[in-house]
Amino acid sequence: MKTIVNEDCIGCGMCEGVCPEVFQLNSSGMSEVAGDPNLHADKVQEAAEICPVNAIEVID
C-alpha cells in the first residue's frame, strides 16, 4: 500500500490523531507520512476517510 499526503493538506492533525504511527505534522505544520502504512492499514484508511479535505491518498 502506498500512502501520500497531497498539497491539499490544511494541517488539521486529524490523521495524526487517528494514526500517529504513520502520520505526523512536519515543521511547516502539514501532515506527512512518517511510518509504514502497511503495518497500520486499517487506521490509515480511517485517517483517509476522516480527512476534511481528502488530502490522504491510499493506493493499493
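See above for the structure.
Here the structure is a predicted model, which means the values were calculated and not measured.

Rules used in this analysis
- Residues numbered from 1 in each chain as written.
- Predicted model: local features only at pLDDT ≥ 70, side-chain atom pairs only at ≥ 80, totals over all residues.
- Heavy atoms only, no water.
- Salt bridge = Lys/Arg side-chain N within 4 Å of Asp/Glu carboxyl O.
- Helix = DSSP H or I, 4+ residues; strand = E, 2+ residues; numbered from the N terminus.
- Buried < 20%, exposed > 50% of the residue type's maximum accessible area, 1.4 Å probe, protein only.
- Arc of directions from axis to C-beta.
- Contact = heavy atoms within 4.5 Å.
- Pairing = 2+ DSSP bridges.
- Polar contact = N/O pair within 3.5 Å; in protein donor to acceptor, adjacent residues only side chain to side chain.
- Core = buried A, V, L, I, M, F, W, Y, C linked by side-chain atoms within 4.5 Å.

**What about the pattern of salt bridges?**
Summed over the entire model, instances satisfying the criterion amount to 1 salt bridge. In this structure, Glu21 engages Lys43 in a salt bridge whose closest nitrogen and oxygen atoms are separated by 2.9 Å. Of this pair, Glu21 sits in the loop between α1 (14–18) and β2 (23–25) while Lys43 sits in helix α2 (residues 41–50), and the two are 22 residues apart along the sequence.

**Focus: α2**
The complete set of buried residues in α2 reads Val44, Ala47 and Ala48. Axial view of α2: buried residues confined to an arc of 100°, hence all on one face. Facing away from the buried side of α2, by more than 90 degrees, are the exposed residues Asp42 and Glu49. For α2, the elements touching its buried residues are β1 (2–5), α1, β2 and β4 (56–59).

**A closer look at the pairing of β1**
Side chains of β1 alternate between two faces, with Thr3 and Val5 buried and Lys2 and Ile4 left unburied. Looking at chain direction, β1 and β4 are connected through 4 bridges and run antiparallel. Pairing of Ile4 across the sheet is with Glu57, part of β4.

**Points about the side chain of Asn6**
Within the element layout of this structure, Asn6 appears in the loop between β1 and α1. A polar contact of 2.8 Å, which involves the side chain of Asn6, links it to the backbone nitrogen of Asp8. A distance of 2.9 Å separates polar atoms of two side chains, one belonging to Asn6 and the other to Glu57. Not counting chain neighbours up to four residues away, the residues in contact with Asn6 comprise Asn54, Ala55 and Glu57.

**What to know about the nonpolar core**
Counting residues in each nonpolar core, the largest one holds 13 residues, and the members touching the most others are Cys19, Phe23, Ala47 and Ile56. Counting only elements with at least two residues in this core, the list comes to α1 and α2. With 3 residues, α2 is the largest single contributor of residues to this core. Discounting residues that sit within four places of it in the chain, Phe23 has contacts with Thr3, Val5, Cys15, Glu16, Ser31, Glu32, Val33, Val44, Ala47 and Ile56.

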